[in-house]
Amino acid sequence: MSQPTRVFKITPTVQQYDWGKLGTSSKVAVFAQSAGLSNFSVDESKPYAELWMGTHPKSPSLVSSSGENLASYLSENPALIGQKVVEKFDAADGNLPFLFKVLAIEKALSIQSHPDKPTAKELHAQHPDIYKDPNHKPEMALALTPFTALCGFLPLPRIAAYLAAVPELAALIPKAVLDEFISVASTADASAPGAKQALRDVFAAVMTASTDAFTAQLAALVARYEAGGACAEEADLRELVLRLNAQFPADIGTFCAFLLNYVQLAPGEAIFLGAGEPHAYISGDIIECMANSDNVIRAGLTPKLRDIPNLVSTLTYAAALPSHHVVKPVPFAGAGASTLYDPPIPEFSVVSVALAPGAKETHRGVEGPSIVIVTGGDGRLQWADGSVDVTQGEVVFIGAATALDFLAGGAGKDKLTLYRAFVEA
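What counts and what doesn't
- Residues numbered from 1 in each chain as written.
- Predicted model: local features only at pLDDT ≥ 70, side-chain atom pairs only at ≥ 80, totals over all residues.
- Heavy atoms only, no water.
- Helix = DSSP H or I, 4+ residues; strand = E, 2+ residues; numbered from the N terminus.
- Rg over C-alpha atoms; globule rule 2.2 N^0.38 Å.
- Buried < 20%, exposed > 50% of the residue type's maximum accessible area, 1.4 Å probe, protein only.
- Areas by Shrake-Rupley, 256 points an atom, 1.4 Å probe, with all protein chains shown as cover.
- Lys, Arg positive; Asp, Glu negative; His and termini not counted.
- Charge placed at Lys NZ, Arg CZ, Asp CG, Glu CD.
- Phe/Tyr/Trp six-rings, centres within 6.5 Å; stacked < 30°, edge-to-face > 60°.
- Lys NZ or Arg CZ within 6 Å of the ring centre and 35° of its normal.
- Expected span 1.5 Å × (residues − 1).
- Contact = heavy atoms within 4.5 Å.
- Polar contact = N/O pair within 3.5 Å; in protein donor to acceptor, adjacent residues only side chain to side chain.
- Pairing = 2+ DSSP bridges.
- Axes fitted to C-alpha atoms, helices over the stretch in contact; angles between N-to-C directions.
- Parallel < 35°, antiparallel > 145°, perpendicular 65-115°, else oblique.
- Left-handed = near helix turned anticlockwise from the far one by under 90°.
- Salt bridge = Lys/Arg side-chain N within 4 Å of Asp/Glu carboxyl O.
- Core = buried A, V, L, I, M, F, W, Y, C linked by side-chain atoms within 4.5 Å.

When helices and strands are counted, the protein chain shows 11 helices and 24 strands. For the protein chain, whose C-alpha radius of gyration is 23 Å, the value lies close to the compact-globule estimate of 22 Å for 425 residues. When its C-alpha atoms are laid out on the principal axes, the protein chain stretches across 75 × 45 × 40 Å. Split into buried and exposed, the 425 residues of the protein chain put 56% on the buried side. Total accessible area on the protein chain stands at roughly 16,700 Å², and carbon and sulfur atoms take up 53% of it. Side chains of the protein chain carry 31 positive and 44 negative charges; the gap between the two charge centres is 2 Å.

See the structure below:
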């Protein structure tokens, strides 16, 4: 019986969620079009939000040459995953430990978090129609273009400063809860149980405020900002608040701008969000990698189901500067044009590669499966017993323990840029 090829193209899937960028302003649409996906054409009036690369049953990739489901093919050829990864991540069914994506964000995604593994199993058992798998979903976002997001709770003194400067926000919180938080914010270690409880009480009060109360206060806030009434302490969030309210009028999630870190990333910068950390992506195109799950607990800035009780009860209430979430890139061992983004979880890492025309880069054999997407230029992937030509938007699976070279197109070609998600056990 012949051995399966170690490297082969796979066909990703496109998700057209409402928040996606329209037409060819979306990297998702550009990549899908340039890769020549079957039966795909760009409608400039339609949103193209996500490109999925992996084995999640909601929208699995296919082996391009045969049309076979990627998970099915890998289950028949487990050596492509690698025995250690199969055993560590229970991947005998061909289900990869990670899900790789491109996101193109025009409108804010929901205020959300992702459950840890025990919570995911419990939610899946209780509500399998909503929480469709029992896995956790830590995730990393890596900016392709300028990217903005809300991520993690602000340091407590900064929240206290906003509560003092924004009367419309403070009005949503019972006085006893507000007074306790102000007291704790100036004196307590943010990781102390009392500080976490005070933050939880404030967040819960805001997110469970009555519709009449928060719509009136939000309308007053927006009117004040539109009239130029933002004081210096809140001026940095004026444009964000107006943007969120324009996209999601009269939504409680807009008030989260005063509770969560607002980050602005340049291309090549990345953030990581673990279980129980609130966040909302606001704008930009990103590479995203996560544990292989689609579990989302939502609470605002969305027309979808909101599960505020589970969101409030499952957050970590860790308050920290945005730097707490930053993934610092480091050189990928032995590869001069490759940069490693290695978040603090075992399911995935991501390497970016940028090669000048005619250049070559060698990667060692990774002891687990990889998925590569070409985001610019064209070139060739070459390994011991084969090669494959690639161009922008194409996606390639690389089997475990396969050393290979990346070769950029020659003179007159664009720089070859690609991203490689992988896992090792």
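That covers the picture; the talk isn't over yet.
Right, let's talk about the packing of aromatic side chains for a bit. By the definition in use, this model includes 10 aromatic pairs. Considering the side-chain rings of Phe-332 and Phe-422, the 6.1 Å spacing of their centres and the 55° angle between planes classify their relative orientation as tilted. Taken together, the positions of Phe-332 in strand S15 (residues 330-332) and Phe-422 in strand S24 (residues 416-422) put the pair 90 residues apart, joining distant regions of the chain. For Phe-332, a relative accessible area of 5% gives the class buried. Lying over the aromatic face of Phe-248, Lys-107 brings its terminal NZ or CZ to 5.0 Å of the ring centre. In this arrangement the basic side chain of Lys-304 is found over the ring face of Tyr-17, its NZ or CZ atom lying 4.9 Å from the centre.

With that settled, the discussion passes to unusual backbone geometry. Despite not being glycine, Asn-39 shows a phi value in the positive range, around 60°. By the element assignment, Asn-39 lies in the loop between helix H1 (27-34) and strand S4 (47-48).

Before going further, it helps to spend a moment on helix H8 (residues 193-207). Helix length check: H8, at 15 residues, gives a terminal C-alpha distance of 21 Å against a target of 21 Å (1.5 Å per residue), a fit within 8%. Elements in contact with the buried residues of H8: strand S10 (147-153), helix H5 (156-165), helix H6 (167-170), helix H7 (175-187), strand S14 (297-300) and helix H11 (308-314).

Along the chain, Glu-288 falls in strand S13 (residues 279-291). Within the structure, Glu-288 has its side chain in polar contact with the side chain of Tyr-281 (distance 3.3 Å).

Bringing the pairing of strand S17 (residues 349-355) into the picture now. Summarising burial for S17: six of the seven residues are buried, a large majority. Here strand S16 (residues 335-341) pairs with S17 via four bridges, running antiparallel. By the bridge assignment for S17, Thr-339 is matched with Ser-352. Sheet topology places S17 next to S24; seven bridges connect them, and they run antiparallel. Counterpart to Ala-354 in the pairing with S24 is Thr-417.

Turning next to the environment of Asp-307. Tracing the backbone through its elements, the reader meets Asp-307 in the loop between S14 and H11. Sequence-wise, Asp-307 and Leu-355 are 48 residues apart; in three dimensions their C-alpha atoms are separated by 45 Å. If near-sequence neighbours (up to four positions away) are discounted, Asp-307 is found in contact with Tyr-131, Ile-297 and Arg-298. At 2.7 Å, the side chain of Asp-307 forms a polar contact with the side chain of Tyr-131.

On to the environment of Leu-169, then. Relative to the helices and strands, Leu-169 resides in helix H6. Non-local contacts of Leu-169, meaning those with residues more than four positions away in its chain, are made with Leu-163, Val-206, Phe-255 and Phe-258.

It is at 9 Å that the axes of H7 and H8 come closest, and there the two elements cross at 140°. It follows that H7 is oblique to H8 by the angle criterion. In the crossing of H7 with H8, the sense of the turn from one axis to the other is left-handed. For the pair H7 and H8, contact is made by Val-177, Phe-181 and Val-184 and by Gly-194, Ala-195, Ala-198, Leu-199, Asp-201 and Val-202, respectively.

All right, on to the pattern of salt bridges then. Note on pairing: side chains with opposite charge can pair once their charged atoms come close. What the rule picks out here adds up to 17 salt bridges. Ionic pairing is found between Asp-179 and Lys-175, a salt bridge with its closest N-O pair at 2.6 Å. Separated by four residues within a single helix, Asp-179 and Lys-175 lie in helix H7, roughly one turn from each other. Take Asp-179: its relative accessible area is 38%, and that puts it in the partly exposed class. Where Arg-306 meets Asp-251, a salt bridge forms, and the shortest distance between an N and an O atom there is 2.5 Å.

Across the sheet, which stays open at both edges, the eight strands sit in the order S6-S1-S22-S19-S24-S17-S16-S15 with antiparallel pairing between neighbours. The outermost strands of the open sheet, each flanked by one partner alone, are strand S6 (62-63) and S15.

Now for the nonpolar core. Within the largest apolar cluster, 61 residues are counted, with the highest numbers of intra-cluster contacts made by Phe-181, Phe-203, Val-206, Phe-255 and Phe-258. When residues of this core are assigned to their parent elements, the largest contribution, nine residues, is made by H8. Filtering out sequence-adjacent residues up to four positions away, Phe-255 remains in contact with Glu-168, Leu-169, Leu-172, Val-206, Phe-214, Gln-217, Leu-218 and Leu-221.

Close contact between H5 and H7 brings their axes to 9 Å; oriented N to C, the two are set at 135°. What the angle tells us is that H5 and H7 run oblique. In this structure, H5 meets H7 at a crossing whose hand is left-handed. Residues Leu-156, Pro-157, Ile-159, Ala-160 and Leu-163 of H5 form the contact with H7, whose participating residues are Leu-178, Phe-181, Ile-182 and Ala-185.

This part is about the sheet that holds strand S21 (residues 386-391). If you trace the four strands from one edge of the open sheet to the other, you get S18-S23-S20-S21, paired in antiparallel fashion. Looking along the sheet, the strands with just one partner apiece sit at the ends: strand S18 (360-363) and S21. Averaged over all adjacent pairs, the angle separating strand axes in this sheet is 20°, with direction ignored. Inspection of the sheet shows strand S20 (residues 378-383) paired to S21 by six bridges, in the antiparallel sense. Each bridged residue has a counterpart across the sheet, and for Gln-382 the counterpart in S21 is Ser-387.

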